[in-house]
Amino acid sequence: IDDLAEVDYSLNSLPAVFQPFIDLDLKAVVFPAGIYTGSPFVAAPFTIPDQSDSMLYLAFSEYFFQTSSFAYYTAGAFNMTIAEETCSYFNISTEIFGSIIPELAKYSVTPYPVMLKLMATEIPVISLEQDSFTVEIQGSMEVLAVLPDSTTQLLFTMNTTANSSISLNIFDQKLMGSLCLNKLQFSLAHCNVGFFEVSLLENILSYILQTEVIPSANAKLSKGLPLP
């Protein structure tokens, strides 16, 4: 698929040949690249409803997307760093945070650029729906000040829950997706500058994720997953 994951398509049984159609029962499993480990999920059999309006029908189970989620989680694909240059472009600094969080203004008198570290803390949960599926990601976000000597100092850590929808389509023999963020929740996990109301930062952090993380994810999804 890419440098992080591989997909294996194998027949579960001999092709079933009937007069009007051929039925192929495939098991598709996505692995972290080069690591052929067992999946924590169990594939459940399913059938395709009888239809005859098209030459080809493809059906995917939750198992396929669950193994994809597991593979990319294992490979660290859900972890990313939003660098200080990007935060500076949005005028995000300790000075901006300090204007919202009085405790931070007292803690850091000198304005410093900041960087954000995002990471998934659990395997994202997949729920299959008609023509799309939802992904719920439990994670954390570290907000760090970048000091003049290029070292970083942790300001606070947030727990995050992101619920997104991914619509699916097939193009050029690839399964492609487009991600849309439905809901984003924050809670304070740890803070070095004293307690503050998380709601004060939700808008600015949500804006950064919408403008940086979502486009980056969609760029990867647009490359598609090769079909058998």
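Since the structure is predicted, the reported quantities are computational estimates derived from the model, not experimental observations.

1. Re the environment of Ser178
Then step 1. With respect to the helices and strands, Ser178 occurs in strand S10 (residues 174–191).
Then step 2. As a C-alpha pair, Ser178 and Ile123 span 55 residues in sequence and 20 Å in three-dimensional space.
Then step 3. Excluding residues that lie within four positions of it along the chain, Ser178 makes contacts with Ser165, Ile166, Ser167, Asn218 and Leu221.

2. Structural notes on the domain arrangement of the protein
Then step 1. Per the domain assignment, the segments making up the protein are domain 1 (1–76) and domain 2 (78–227).
Then step 2. On the side of domain 2, 18 residues touch domain 1, which itself brings 17 residues to the contact.
Then step 3. In total, about 1500 Å² of surface goes out of reach between domain 1 and domain 2, with carbon and sulfur atoms giving 75% of it.
Then step 4. The interface formed by domain 1 and domain 2 holds 0 salt bridges in total.
Then step 5. Counting across the interface, domain 1 meets domain 2 through 6 residue pairs in polar contact (both at pLDDT 80 or more).

3. What to know about the environment of Leu225
Then step 1. Mapped onto the elements of the fold, Leu225 is located in strand S11 (residues 225–226).
Then step 2. Classification of Leu225 as buried rests on a relative accessible area of 11%.
Then step 3. In the structure, Leu225 is positioned 96 residues away from Glu129 in sequence and 19 Å away in space, judged by C-alpha atoms.
Then step 4. Residue contacts for Leu225: discarding those within four places in its chain leaves Ile1, Tyr9, Phe64, Gln173, Lys174 and Leu175.

4. What about a nonpolar patch on the surface?
Then step 1. Taken together, the side chains of Leu11, Val17, Ile22, Leu24 and Leu26 define a hydrophobic patch exposed on the protein surface, amounting to about 490 Å² of accessible area.
Then step 2. Leu11 gets classed as partly exposed once you look at its relative accessible area, which sits at 46%.

5. Remarks on helix H5 (residues 199–221)
Then step 1. The end-to-end C-alpha separation of H5 is 31 Å, in line with the 33 Å expected for 23 residues at 1.5 Å each.
Then step 2. Looking only at H5, the buried set comprises Leu201, Ile204, Leu205, Ile208, Leu209 and Ile214.
Then step 3. Lining the buried residues of H5 we find strand S5 (80–82), helix H3 (94–100), strand S6 (114–120), strand S8 (132–146), strand S9 (152–171) and S10.

6. Things to note about the environment of Glu202
Then step 1. Within the element layout of this structure, Glu202 appears in helix H5.
Then step 2. Here Glu202 falls in the partly exposed class, since its relative accessible area comes to 29%.
Then step 3. Once the C-alpha coordinates of Glu202 and Val42 are considered, the two residues, 160 residues apart in sequence, prove to be 37 Å apart.

Rules used throughout
Residues numbered from 1 in each chain as written. Predicted model: local features only at pLDDT ≥ 70, side-chain atom pairs only at ≥ 80, totals over all residues. Heavy atoms only, no water. Helix = DSSP H or I, 4+ residues; strand = E, 2+ residues; numbered from the N terminus. Contact = heavy atoms within 4.5 Å. Domains from an automatic or database assignment. Buried area = accessible area lost by both parts, 1.4 Å probe. Salt bridge = Lys/Arg side-chain N within 4 Å of Asp/Glu carboxyl O. Polar contact = N/O pair within 3.5 Å; in protein donor to acceptor, adjacent residues only side chain to side chain. Buried < 20%, exposed > 50% of the residue type's maximum accessible area, 1.4 Å probe, protein only. Patch = residues over 30% accessible without salt bridge, like charges linked within 9 Å, V, L, I, M, F, W, Y side chains within 5 Å. Areas by Shrake-Rupley, 256 points an atom, 1.4 Å probe, with all protein chains shown as cover. Expected span 1.5 Å × (residues − 1).

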